[in-house]
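Okay, here's what each chain looks like letter by letter:
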Amino acid sequence: MSDVSFTLIISALVFTVGACGVLLRRNPLVQFMSIELMLNAVNLALISFDGSVAKDKGEGQVFVLMVLTIAAAEAVVGLGIIVAIFRRRKRIDVDDIKVLKG
Amino acid sequence: MPELIGLVVLLPLLGFLTIALLGPKMSEKAAATLACAAVGLAFLAAVGAAVTPLVDKAAWPKYNLFNYDWTLAGSWRVQFGLVADPLSVTMALVVTGVGFLIHVYSVGYMTEQHHGETHFEKDYRRFFAYLNLFVFAMLLLVTANNFILLLIGWGNVGLASFLLIGFYKNKPSAVNAARKAFVMNSIGDVGILIGSFILIITTGQVAFDQVFASRELLTNSEATNWAALFLLVGAVAKSAQFPLQTWLPDAMEGPTPVSALIHAATMVTAGVYLITRAHPIFGVAQWAVIVIPIIGAFTAFYAATCALVQTDIKRVLAYSTMSQLGYMFMAAGVGAYEAAMFHLVTHAFFKALLFLSAGSVIHALGGEQNMFNMGGLRKAKELRVPWLGFLLGALALSGIPPLAGFFSKEAILGTFPLFGQTTSHYNPIGLAPTYLAIFGWVGIITAFMTAFYMFRAYMLVFEGPQGKLHPHNNPLSMNFPKLVLTLLTVVGGFLAMPGFWNFLTDWFKPIIKEVEFPEGGGVDASLNALKANKGELWYRIQTDKFEVVEIALGVGAGVAGIVLAVALYSYLRSQQAKRAVAVAAAANREEIIRPAATGTTRRDPRTQTVTPRAMSDEEIRDVISGKSEKRVVKPGSRAEALNYSDWRKKQNTMPNPGKLLANGLRAFLFYGWGFDLLYNLLFVWPAKLTARIFSRWLDPEVERAYDFGLGGLFWEGSKLFRKTQTGNIRNYGLAVLLGAVALVAYVIIQAAVR
C-alpha cells in the first residue's frame with residue numbers, strides 16, 4: 001500500500017468518526033468538536049496528496065491554510081450562535097430546537 | 001354609385017349598436033324612430049345603388065367594393081368585400097324596403113292604447129334593436145362577395161331569428177320554438193360551412209367570382225358535387241324545406257312583425273339566394289338539377305296540405321310561406337333563376353301584406369289567433385284596411401291576374417311544361433320532359449290547394465256571423481305600411497310579363513353568361529356545352545312565347561280553389577247558423593242538461609236548464625244510467641240541436657268509419673304529417689335521455705373520481721412528505737451527509753466505468 005493510500009484511509013476513518021459524532025451527540029459543543037475533526041481529516045488528505053501526487057506544486061498546502069482559517073472563523077460564529085440560543089433556554093440539547101417542524 | 005351599398009349595410013348596424021348600447025337612456029319613441037330611420041335611409045341608399053346602370057354603366061356590376069384585408073396567411077388572402085350586382089341589389093331593396101315598412105308597422109303593433117294613454121310593450125327598445133340586427137345581418141349575407149362574409153351574415157340571421165322568435169322570453173312555448181329554430185338552422189350552418197370549405201380548399205380562393213371562374217373547380221366534379229350537396233343542406237335549413245321544415249310553423253310564436261319580416265320576406269329566402277348566387281356550382285352538379293326541384297315540389301305540396309286544416313291564422317301563413325318557397329326551389333333547381341327571384345320579390349310583397357293584415361286583426365282582437373273564434377270582420381269598419389290587404393294578398397297568392405302573384409307564379413309554372421312538350425327555349429338539362437311534367441302538375445295541384453286554404457282563412461276570419469270578439473282600432477302606423485304593400489302587390493307584377501316584355505332579363509344581364517345549347521338537344525351534348533361554359537345555367541323568362549296552357553291551368557286552379565272555398569265555407573256557415581237557431585230552440589226544452597263551464601250552481605230562468613249540482617242524487621243516477629229522459633250535452637256541440645229521439649238513435653250507432661278517417665286525416669295534416677313527432681322520437685328523445693344519463697349518473701362519478709382519486713393522491717402524498725419536516729437538526733444533517741455520499745459515489749462510479 002502506498003503512502004497516499006494509507007493516509008487517505010486514515011483520513012476517511014477520521015472523517016467518518018467526525019460525521020458520526022455530529023449525528024449522534026446531542027451536546028452542541030461536542031458536535032462542533034466533531035465538525036473540527038471532519039475538517040482536519042480533509043486537511044490530512046490534502047497534505048498527503050500534496051506530498052505525493054502533486055509534488056512541487058504547493059497547492060495542497062495553500063488549500064489547507066484556507067481550510068484552517070475557515071474552520072477557525074466558523075467555530076467563532078458557531079459558538080456565538082450557541083451562546084445566543086442557550087442563553088434563552090436552560091438545557092443544552094440540540095433536539096430542543098424544533099421550530100421548523102411541519 | 002355602387003359604393004352606396006356599403007352605406008346600406010352600415011346604417012342598420014349603427015342603429016343596432018346605438019339602441020343596444022344606449023337603449024336604457026333613450027325613450028321608447030327615440031329608439032323606434034332611430035331604428036326606422038336607419039332602415040329607411042338604408043333603403044334610399046339601396047335605391048341609389050340600384051340606379052347605377054342608368055347613371056354610370058361602366059361601374060356595374062362591381063365585385064370588390066370596400067375590400068379590407070382580414071387575414072393574410074401565405075398566399076391565402078381573405079378580404080371583407082361587398083358586391084353590388086343585380087342580384088345583391090335586388091335582395092337589398094327587398095330587405096330594406098319591406099324591412100322599413102315592417103319597422104313602421106311595429107311601432108304601432110307593439111303598443112297598446114288604453115283609454116287614450118299609450119302603453120308600450122315591455123322591452124320595446126330591445127325589439128327594435130333585434131330588428132335592426134336582423135336587417136344588418138341579412139344585408140351582410142346578400143352583399144357579401146366571398147364565402148366567409150356570407151357565412152357571418154348567415155349565422156347572424158339565425159341568431160337574430162332565435163332572439164326574435166323567443167322575444168317573449170317568459171313564455172315557454174316561445175322559448176322552445178326559438179331553440180328548435182336555432183338548432184335546425186345550426187344543422188344548415190354545418191352544411192354551408194362544409195360546402196364553403198370544400199370550395200375554398202379546391203380552388204384556393206374565397207371570393208365568389210374567383211371561385212366560380214377557377215379551373216380546378218370545373219375539372220373536379222367530385223368536389224363540386226359534394227360542395228353542392230352541403231350548400232343545399234344549408235339552403236334547405238334556412239328556407240324550411242323538407243326535411244328541415246318543422247321549425248317554421250312553430251316560429252310563429254314570435255310577434256307578428258317578426259313573422260312578417262323574417263319568416264316570410266327575408267330570412268327564409270336566403271336559401272333561394274344562395275342557390276342563385278352559387279348557380280355555377282349547382283349547374284355543374286348534375287344531380288342538383290333534379291334533387292332541388294324534388295325537394296321544392298314535395299315541400300310545396302306538403303305545406304299546402306298542412307295549411308288546409310290549421311286553426312291558427314299565422315300557422316296558415318307559415319305553411320303558405322313554406323309552400324311558396326317550395327315553388328322558388330323548384331324554379332331555382334332547374335335554372336330558372338329569374339323566375340325564382342321574381343317570385344321571391346312578389347312573394348315578399350304579398351306575404352308581408354298578409355302577415356301585417358293578420359297581425360292587425362290579431363292586435364285588434366286583443367291577441368286572439370284562432371280563426372274559429374273570429375268571424376264577420378269584414379263589417380267592422382275599424383278593420384277596413386286589413387280586410388282589403390288580406391283579400392288582395394290572398395288573391396295575389398292564388399295567382400289571379402293582374403296582381404303580382406299571377407305574373408311570378410306563371411313565370412315559374414311556365415318553366416314546367418305540363419304535357420311533355422319540349423319547350424325549345426328552356427331546353428332541360430338532364431331532365432326528361434316527364435319529370436318536368438310531374439313538377440308542373442304538382443305545381444298546379446298546389447296552386448289549387450293554395451287558393452283553397454287562403455280563402456278558407458279569408459272566409460273564416462272576415463265573412464260569416466260576427467264572432468264573440470269586438471275589434472278595436474288600428475293606428476295609422478300600422479295601416480300605412482299595409483297600404484304601401486297593397487299598392488306594390490297590385491303593380492309589382494308588371495316587372496316581367498311573359499309574352500310582352502321582360503325587364504328582369506335586362507336587369508340580370510350583367511351576371512348572365514350566354515350558353516349556346518346545340519340544336520337537337522340531347523343530354524350529353526347539353527352537358528358538354530354546360531361544362532364548356534363553366535356551368536352557367538340561367539334560363540330567362542321568355543317573352544316571345546306565351547305558355548298558354550300552363551298559364552290557363554294555373555289561373556284556373558286558383559279560381560277553382562277560390563270558388564270551392566267560398567262555396568264550402570258559405571255552406572258550412574249557413575249550417576252553423578241553422579244549428580244556432582236549433583240550439584236556441586232546444587234551449588227551451590227541458591230535456592237538456594248543460595254542464596256549467598265554471599261550476600256555478602245558478603239556475604238560469606231563461607233557458608230553464610239545471611246544472612248538475614242543483615239535481616238530487618237520484619236524478620243524477622237516473623241520467624247517468626240512461627233511465628231518465630234528460631240528457632247531458634256539451635254546449636255548442638251538434639248534439640245540442642237534436643231532439644231526444646234523434647239523439648238516442650245517434651247513441652246507439654257504431655262509429656262511422658268515414659268520419660274516423662276524416663278526423664284521422666285532419667289530425668295527420670294538422671300536426672304536419674307527424675314530422676314533429678318523428679323528429680322528436682328520433683333525435684330529441686335520445687338526446688335528452690343521454691343528457692339525463694350523463695348528468696345524473698356519470699358526471700357525479702367523474703367528480704368523485706377527481707375528488708378522491710387525483711385529489712386523494714395529492715392528499716396522501718403530501719401527508720407522506722410532511723413526515724420529513726421534523727425540525728430536528730440532526731435529521732437534516734443526516735440528509736446532507738447522505739446526499740454528499742451519493743454524489744461522491746456517483747462520481748467515483750462514473751470515473752471507474754470510463
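The rules behind the values
- Residues numbered from 1 in each chain as written.
- Chains lettered and ligands numbered in written order.
- Predicted model: local features only at pLDDT ≥ 70, side-chain atom pairs only at ≥ 80, totals over all residues.
- Heavy atoms only, no water.
- Helix = DSSP H or I, 4+ residues; strand = E, 2+ residues; numbered from the N terminus.
- Buried < 20%, exposed > 50% of the residue type's maximum accessible area, 1.4 Å probe, protein only.
- Contact = heavy atoms within 4.5 Å.
- Areas by Shrake-Rupley, 256 points an atom, 1.4 Å probe, with all protein chains shown as cover.
- Rg over C-alpha atoms; globule rule 2.2 N^0.38 Å.
- Axes fitted to C-alpha atoms, helices over the stretch in contact; angles between N-to-C directions.
- Parallel < 35°, antiparallel > 145°, perpendicular 65-115°, else oblique.
- Left-handed = near helix turned anticlockwise from the far one by under 90°.
- Nonpolar A, V, L, I, M, F, W, Y, C, P; charged D, E, K, R; others polar.
- Buried area = accessible area lost by both parts, 1.4 Å probe.
- Salt bridge = Lys/Arg side-chain N within 4 Å of Asp/Glu carboxyl O.
- Patch = residues over 30% accessible without salt bridge, like charges linked within 9 Å, V, L, I, M, F, W, Y side chains within 5 Å.
- pLDDT = per-residue confidence, 0-100.
- Expected span 1.5 Å × (residues − 1).
- Bend = angle between axes of the 7 residues up to and from the residue.
- Phe/Tyr/Trp six-rings, centres within 6.5 Å; stacked < 30°, edge-to-face > 60°.
- Lys NZ or Arg CZ within 6 Å of the ring centre and 35° of its normal.
- Lys, Arg positive; Asp, Glu negative; His and termini not counted.
- Charge placed at Lys NZ, Arg CZ, Asp CG, Glu CD.
- Polar contact = N/O pair within 3.5 Å; in protein donor to acceptor, adjacent residues only side chain to side chain.

### Describing the overall build of chain B
Here's step 1: Of regular secondary structure, chain B possesses 29 helices and eight strands.
Here's step 2: Looking at chain B as a whole, 51% of its 754 residues are labelled buried.
Here's step 3: Restricting to contacts in chain B with at least 6 residues of sequence separation, those with at least 24 account for 78%.
Here's step 4: Carbon together with sulfur atoms contributes 66% to the accessible area of chain B, which is approximately 34200 Å² in total.

### Here we look at the overall build of chain A
Here's step 1: Summing up its helical and strand segments, chain A has three helices and zero strands in all.
Here's step 2: Starting at the N terminus, the α and β elements of chain A follow one another as α-α-α.
Here's step 3: Against the globule reference of 13 Å for 102 residues, chain A gives a C-alpha radius of gyration of 17 Å, more extended than a compact globule.
Here's step 4: Per-residue burial for chain A yields a buried fraction of 30% across its 102 residues.
Here's step 5: A fraction of 57% describes how many contacts in chain A between residues 6 or more apart in sequence connect residues 24 or more apart.

### What to know about the packing of helix α6 (residues 147–165) of chain B against helix α10 (residues 221–238) of chain B
Residues and elements named next belong to chain B.
Here's step 1: Interaxial distance between α6 and α10 falls to 12 Å at its minimum, and their mutual angle equals 25°. Judged by the angle between their axes, α6 and α10 are roughly parallel. By crossing handedness, the relation of α6 to α10 is classed as left-handed. Residue-level contacts link W154, V157 and G158 of α6 to G234, A235 and K238 of α10.
Here's step 2: Taken together, the residues that form the contact of α6 with α10 break down as three nonpolar, two polar and one charged.

### Remarks on the interface of chain A and chain B
Here's step 1: Every contact between the two is made by 14 residues of chain A and, on the other side, eleven residues of chain B.
Here's step 2: Regarding the contact of chain A and chain B, the summed buried area is about 990 Å², with carbon and sulfur atoms giving 58% of it.
Here's step 3: There are one salt bridge connecting chain A and chain B.
Here's step 4: For D95 of chain A, the salt bridge identified is with R730 of chain B, shortest N-O distance 2.9 Å.
Here's step 5: Per element, the largest residue contribution to the side of chain A that touches chain B is four residues, and it comes from helix α1 (residues 3–24) of chain A.
Here's step 6: Across the side of chain A that touches chain B, the residue classes tally to seven nonpolar, two polar and five charged.

### A look at a nonpolar patch on the surface
Here's step 1: On the surface, W685, L689, I693, F694, W697 and L698 of chain B cluster together into a nonpolar patch covering about 620 Å² of accessible area.
Here's step 2: Relative to the helices and strands, W685 of chain B resides in helix α28 (residues 675–722).

### Focus: unusual backbone geometry
Residue and element names in this part refer to chain B.
Here's step 1: Each neighbour pair has its own omega, and for F242 with P243 the value is 0°, a cis peptide bond.
Here's step 2: Following the sequence through the fold, P243 ends up in the loop between α10 and α11 (247–250).
Here's step 3: One non-glycine residue, A240, lies in positive phi territory at about 55°.
Here's step 4: Tracing the backbone through its elements, the reader meets A240 in the loop between α10 and α11.

### A few points about the confidence of the model for chain B
Residues and elements named next belong to chain B.
Here's step 1: In this model, chain B carries an average pLDDT of 80, and 80% of its residues clear a pLDDT of 70 or more.
Here's step 2: In this model residues 597–611 is a low-confidence stretch, pLDDT under 50, and it forms 20 contacts with partners more than four residues away in sequence or in other chains.
Here's step 3: Across the interfaces of the predicted complex, the ipTM metric reaches 0.89, alongside a pTM of 0.77.

### Quick word on α28 of chain B
Residues and elements named next belong to chain B.
Here's step 1: With 48 residues, α28 extends 65 Å between its outermost C-alpha atoms, agreeing within 8% with the 70 Å of an ideal straight helix rising 1.5 Å per residue.
Here's step 2: If you look at α28, its biggest bend is around 45°, right at G712.
Here's step 3: Here α28 has its buried residues at F675, Y679 and G712.
Here's step 4: In this fold, the buried residues of α28 make contact with α7 (172–203) and α15 (288–307).

### A closer look at the packing of aromatic side chains
Residue and element names in this part refer to chain B.
Here's step 1: One pass over the full model with this rule turns up 24 aromatic pairs over all chains.
Here's step 2: Every member of this aromatic cluster is reached through a ring pair, and the members are F242, F298, Y302, F668, W673, F675, Y679 and F683.
Here's step 3: In this structure, R696 packs its charged tip against the face of W697, placed 5.9 Å from the ring centre.

### Describing α7 of chain B
Here's step 1: If you check α7 of chain B, its first and last C-alpha atoms are 46 Å apart, about what 32 residues at 1.5 Å a residue would give, namely 46 Å.
Here's step 2: Looking one or two residues past α7 of chain B, G204 of chain B carries a phi angle of roughly 75°, positive in sign.

### Topic: the packing of helix α5 (residues 124–143) of chain B against helix α13 (residues 270–277) of chain B
Residue and element names in this part refer to chain B.
Here's step 1: Remark: α5 packs on α13, axes separated minimally by 10 Å, with the N-to-C direction vectors making an angle of 15°. With respect to α13, the element α5 is oriented roughly parallel. Crossing of α5 over α13 shows left-handed handedness. Where α5 abuts α13, its residues M138, L141 and V142 lie against A270, Y273 and R277.
Here's step 2: Taken together, the residues that form the contact of α5 with α13 break down as five nonpolar, no polar and one charged.

### Points about the side chain of Q31 of chain A
Here's step 1: Inspection of the secondary structure puts Q31 of chain A in helix α2 (residues 28–52).
Here's step 2: With near-sequence residues (within four places) excluded, Q31 of chain A lies in contact with G21, V22, R25 and V94 of chain A together with R730 of chain B.

### Digging into a positive patch on the surface
Residue and element names in this part refer to chain B.
Here's step 1: There is a patch of like positive charges on the surface, built from R179, K688, R692 and R696.
Here's step 2: Element by element, the count of residues in the positive patch is highest for α28, at three residues.
Here's step 3: Its location among the elements puts R179 in helix α7.

### Considering the side chain of S106 of chain B
Residues and elements named next belong to chain B.
Here's step 1: On the secondary structure map, S106 appears in helix α4 (residues 86–109).
Here's step 2: At a separation of 2.7 Å, a polar atom in the side chain of S106 contacts the main-chain carbonyl oxygen of I102.
Here's step 3: The residues touching S106, leaving out its near neighbours within four places in the chain, are F127, F128, L131 and P257.

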